[in-house]
Amino acid sequence: MGEDKQQVQKMLDKLVEALRMTSDLYDVVSLEYSAGRGMVYAMYASGVIRAVDVDGRTGSEMILEVVREIKR
């Protein structure tokens, strides 16, 4: 991923704000980026955590992949 860790986390923080306004992903509490693993962890209000592999993706590809995977 070409973006640095702080920039990626900022994108994810803003994405959480948008997801929380939806009817199907309103319960996403946070999205945390692990640069070392190339993973995003989606935390839900219920305590469930879902992992999404975003290694090697651009910022926009990461956003699409996160939404696609956590909607399943």
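Residues numbered from 1 in each chain as written. Predicted model: local features only at pLDDT ≥ 70, side-chain atom pairs only at ≥ 80, totals over all residues. Heavy atoms only, no water.

**Regarding the pairing of strand E2 (residues 39-44)**
Pairing geometry for strand E1 (residues 28-34) and E2, over six bridges, is antiparallel. Its bridge partner lying in E2, valine 28 is registered against tyrosine 44. In this structure, E2 lies alongside strand E3 (residues 49-53), joined through five bridges in antiparallel fashion. The residue bridging valine 40 from the neighbouring strand is valine 52, located in E3. In sequence, E2 turns back onto E3 through a hairpin of four residues, with glycine 47 there showing a positive phi of about 100°. (Pairing = 2+ DSSP bridges. Helix = DSSP H or I, 4+ residues; strand = E, 2+ residues; numbered from the N terminus.)

**Remarks on the sheet that holds E2**
The strand order across the open sheet formed by three strands is E1-E2-E3, and the pairing between neighbours is antiparallel. Here the strands that pair on one side only, and so sit at the sheet edges, are E1 and E3. Neighbouring strand axes in the sheet, compared pairwise and without regard to direction, differ in orientation by 20° on average. Those strands touched by helix H1 (residues 5-19) are E1 and E2, and its axis lies near 165° from that of E1. (Axes fitted to C-alpha atoms, helices over the stretch in contact; angles between N-to-C directions. Contact = heavy atoms within 4.5 Å.)

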